[in-house]
Amino acid sequence: MPTLDVTSPTAFSIVINDLIKELKNSEIGVKVGDLVICTLAYADDIVLIADNPHDLQKLLNILYSWCNKWRFIVNPAKSNIVHFRNAPKQQTDFRFQLGENGPLLRMSQGV
């Protein structure tokens, strides 16, 4: 995050709430009871959660669009896709990227 001033963490928290709302409004995520969870956030770290590759790509597109709007930069070198699955299921070969034409994101192996 670019340094805004001494209140940067507070300013970031206020601004990031807009992204969280946008992600929630997509109605994409994993159902846990009556809740649909699509993101976890702490400080400037964000986890996007979806139950299939295409929905995760939609969340990545929302994130990328939001970052462009607010002039934030996502560092692909510090970003990673983790595919959790049952043992017999193969890891997806979906190619995730930031935005529709953005850089590809790497996939963790063996999770």
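The structure we're discussing is the one just above.
Because the structure is predicted, anything quoted here is derived from the model rather than measured.

How each quantity is defined
- Throughout this description, residue numbers start from 1 for each chain and increase along the sequence as written.
- This being a predicted model, a pLDDT of at least 70 is required before a residue's local features are given, and a value of 80 or more before pairs of side-chain atoms are given or counted; all residues contribute to the totals for chains, interfaces and linings.
- With hydrogens and water stripped out, all remaining heavy atoms of the structure feed into the side-chain values.
- In this description a helix means any DSSP run of H or I spanning at least four residues, a strand means any run of E spanning at least two, and both kinds are numbered starting from the N terminus.
- The globule rule is 2.2 Å times the number of residues to the power 0.38, and the radius of gyration it is compared with is taken over C-alpha atoms.
- Classification of residues uses two cut-offs on accessible area relative to the type maximum, computed with a 1.4 Å probe and protein chains only: under 20% is buried, over 50% is exposed, and between them is partly exposed.
- Working definition of accessibility: Shrake-Rupley area with a 1.4 Å probe, residue cover restricted to the visible protein chains.
- A positive count includes Lys and Arg, and a negative count includes Asp and Glu. His and the chain ends are not counted in either.
- A charged residue contributes its charge at one atom only: NZ of Lys, CZ of Arg, CG of Asp or CD of Glu.
- Criterion for a disulfide: a pair of cysteine sulfur atoms at a distance within 2.5 Å.
- The term salt bridge refers to a side-chain nitrogen of Lys or Arg lying within 4 Å of a carboxyl oxygen of Asp or Glu.
- Each polar contact in these results corresponds to two N or O atoms within 3.5 Å; when the atoms are within protein, one needs to be able to donate a hydrogen and the other to accept it, and residues that are neighboring in sequence are counted only if both atoms are side-chain atoms.
- When checking whether two residues touch, look at their non-hydrogen atoms; a contact exists if any pair is within 4.5 Å.

Draft legend 1. Region of the structure containing the overall build of the protein. If you tally the helices and strands in the protein, you get two helices and six strands. Shown N-terminal to C-terminal, the secondary structure of the protein runs as helices and strands in the order α-β-β-β-β-α-β-β. Expected size for 111 residues packed as a compact globule is a radius of gyration near 13 Å; at 15 Å, the protein falls within 12% of this value. Buried residues in the protein amount to 32% of all 111 residues. Surface summary for the protein: the accessible area is close to 8,000 Å², and the carbon and sulfur share equals 54%. Of the charged side chains in the protein, 11 are positive and 11 negative, and the gap between their average positions amounts to 4 Å.

Draft legend 2. Spatial organisation of the state of the cysteines. Enumeration over the complete set of coordinates arrives at zero disulfides. Here cysteine 38 stays unpaired: no disulfide links it, and the sulfur of cysteine 67, its closest cysteine neighbor, is 14 Å away. Looking at cysteine 38, the relative accessible area reads 3%, which means it is buried.

Draft legend 3. Representation of the pattern of salt bridges. Taken as a whole and assessed by the stated rule, the structure comprises one salt bridge. Residues lysine 58 and aspartate 55 are paired through a salt bridge, measuring 3.8 Å at the closest nitrogen-oxygen approach. Of the two residues, lysine 58 and aspartate 55 both sit in helix H2 (residues 53-70), three residues apart, roughly one turn of that helix.

Draft legend 4. A look at the environment of aspartate 93. By the element assignment, aspartate 93 lies in the loop between strand E5 (80-81) and strand E6 (106-107). Each C-alpha atom, one on aspartate 93 and one on proline 53, is 9.2 Å from the other, the two residues being 40 residues apart in sequence.

Draft legend 5. Highlighting unusual backbone geometry. The phi torsion at glutamate 27 lies on the positive side, around 60°, for a residue other than glycine. You can see glutamate 27 is positioned in the loop between helix H1 (8-25) and strand E1 (30-32). At arginine 71, a residue that is not glycine, the phi angle is positive and equals roughly 60°.

Draft legend 6. Quick peek at the side chain of glutamine 57. Secondary-structure assignment places glutamine 57 in helix H2. At 2.8 Å, the side chain of glutamine 57 and the backbone oxygen of glutamine 97 are in polar contact. Excluding its chain neighbours within four sequence positions, the residues that come into contact with glutamine 57 are Phe94, Arg95, Phe96, Gln97 and Gly99.

Draft legend 7. Just the environment of glutamine 91, in detail. Along the chain, the position of glutamine 91 falls in the loop between E5 and E6. As a C-alpha pair, glutamine 91 and serine 108 span 17 residues in sequence and 9.6 Å in three-dimensional space. At 3.4 Å, the side chain of glutamine 91 forms a polar contact with the backbone oxygen of serine 108.

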